Amino acid sequence: MSDSELQVFYVDNHPWTVRYLSFATGDQETARDLAQRVWMKFLAYSRRRPLTSPRAVLRIMASDAVAEWCRRPVKDRVLPAGLAPAGLAPVPGGQDGSDARWDLQAALLTLPPDLREALLLRYYADLPPGEVARILDIPLPTLKSRLAAARAALRKAPSLAGYQVTTGGIR
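Calculation criteria
Residues numbered from 1 in each chain as written. Predicted model: local features only at pLDDT ≥ 70, side-chain atom pairs only at ≥ 80, totals over all residues. Heavy atoms only, no water. Helix = DSSP H or I, 4+ residues; strand = E, 2+ residues; numbered from the N terminus. Buried < 20%, exposed > 50% of the residue type's maximum accessible area, 1.4 Å probe, protein only. Contact = heavy atoms within 4.5 Å. Core = buried A, V, L, I, M, F, W, Y, C linked by side-chain atoms within 4.5 Å. Polar contact = N/O pair within 3.5 Å; in protein donor to acceptor, adjacent residues only side chain to side chain. Salt bridge = Lys/Arg side-chain N within 4 Å of Asp/Glu carboxyl O. Axes fitted to C-alpha atoms, helices over the stretch in contact; angles between N-to-C directions. Parallel < 35°, antiparallel > 145°, perpendicular 65-115°, else oblique. Nonpolar A, V, L, I, M, F, W, Y, C, P; charged D, E, K, R; others polar.

Draft legend 1. Structural context of the overall build of the chain. Tallying secondary structure elements over the chain gives seven helices and two strands in all. When the elements of the chain are put in sequence order from the N terminus, they spell out α-α-α-β-α-α-α-α-β. Relative to its full complement of 171 residues, the chain shows a buried share of 40%. Restricting to contacts in the chain with at least 6 residues of sequence separation, those with at least 24 account for 62%.

What follows is the structure, encoded as structure tokens:
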């Protein structure tokens, strides 16, 4: 990848990287830090070998950064006060937004990686189904099956029991 191709790729994909990491971590500042690490790793990797599928490499590196972040002790992942995850209303009885955020993350982490990636790309990154299928290199019907399975699994997730779903129509 030439320097000019890399610059264009960065401009096209950096916003997605930050959005994806922001959703996974729940914090813009953490997401920007992780995105910087991901892009530094991507740059070093792209200099060592030719890339046939740079978006796939970037997606894998971003997913690895999230997994590494999740393995950190909770005290190292504290969210700013009052940060609530989009799409969930706190349960009456004292659970605040940060509890809801961790419950959502716990539920997402129980999903198999193929279902979690499909769900995050489609609904959080807000990519059209055709684009998600292309990125994941799967047929569109397979993507639709994965999304349905992921939604069904989240509806049954024990960590989300008692939450009121307010996702704006996601079934």
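Draft legend 2. Structural view of the nonpolar core. The biggest cluster of nonpolar side chains holds 44 residues, and the ones touching the most others in it are Leu-21, Phe-42 and Leu-143. Those elements that place two or more of their residues in this core are helix H1 (3-25), helix H2 (28-48), helix H3 (54-70), helix H4 (97-110), helix H5 (113-124), helix H6 (129-136) and helix H7 (140-156). With eight residues, the single largest contributor to this core is H3. The residues contacting Leu-21, other than those within four sequence positions of it, are Gly-26, Ala-31, Leu-34, Ala-35, Val-38, Ala-62, Ala-65 and Val-66.

Draft legend 3. Structural view of the environment of Ser-22. By the element assignment, Ser-22 lies in helix H1. Placed 102 residues apart in sequence, Ser-22 and Tyr-124 show a C-alpha to C-alpha distance of 9.8 Å. Not counting residues within four places of it along the chain, the set of residues in contact with Ser-22 comprises Asp-27, Gln-28, Ala-31 and Tyr-124.

Draft legend 4. Quick look at unusual backbone geometry. Positive phi, close to 60 degrees, is recorded for Asp-137, a residue that is not glycine. Mapping Asp-137 onto the fold places it in the loop between H6 and H7. You can call Asp-137 exposed: its relative accessible area is 69%.

Draft legend 5. Structural detail: the side chain of Thr-17. Mapping Thr-17 onto the fold places it in helix H1. Side chain to side chain, Thr-17 and Trp-39 meet in a polar contact 3.3 Å long. Not counting chain neighbours up to four residues away, the residues in contact with Thr-17 comprise Ala-35, Val-38, Trp-39 and Leu-58.

Draft legend 6. Highlighting the pattern of salt bridges. Counted under the stated rule, the structure contains five salt bridges. With a shortest N-O distance of 3.2 Å, Glu-117 and Arg-59 are connected by a salt bridge. Residue Glu-117 is located in helix H5, and its partner Arg-59 is located in helix H3; the two are separated by 58 residues in the primary sequence. We note that Glu-117, like Arg-59, is buried. Residues Asp-114 and Arg-146 are paired through a salt bridge, measuring 3.8 Å at the closest nitrogen-oxygen approach. Here Arg-146 lies in helix H7 and Asp-114 lies in helix H5, a separation of 32 residues in the sequence.

Draft legend 7. Representation of the packing of H5 against H7. Direction vectors running N to C along H5 and H7 enclose 100 degrees, while the axes themselves pass 9 Å from each other. On the basis of their axis angle, the class for H5 and H7 is roughly perpendicular. Counting all contacts with H5, which are made through Asp-114, Leu-115, Ala-118, Leu-119, Arg-122 and Tyr-123, the residues of H7 involved are Leu-143, Arg-146, Leu-147, Ala-149, Ala-150, Arg-151 and Leu-154. Here the contact of H5 with H7 is built from residues that sort into nine nonpolar, no polar and four charged.

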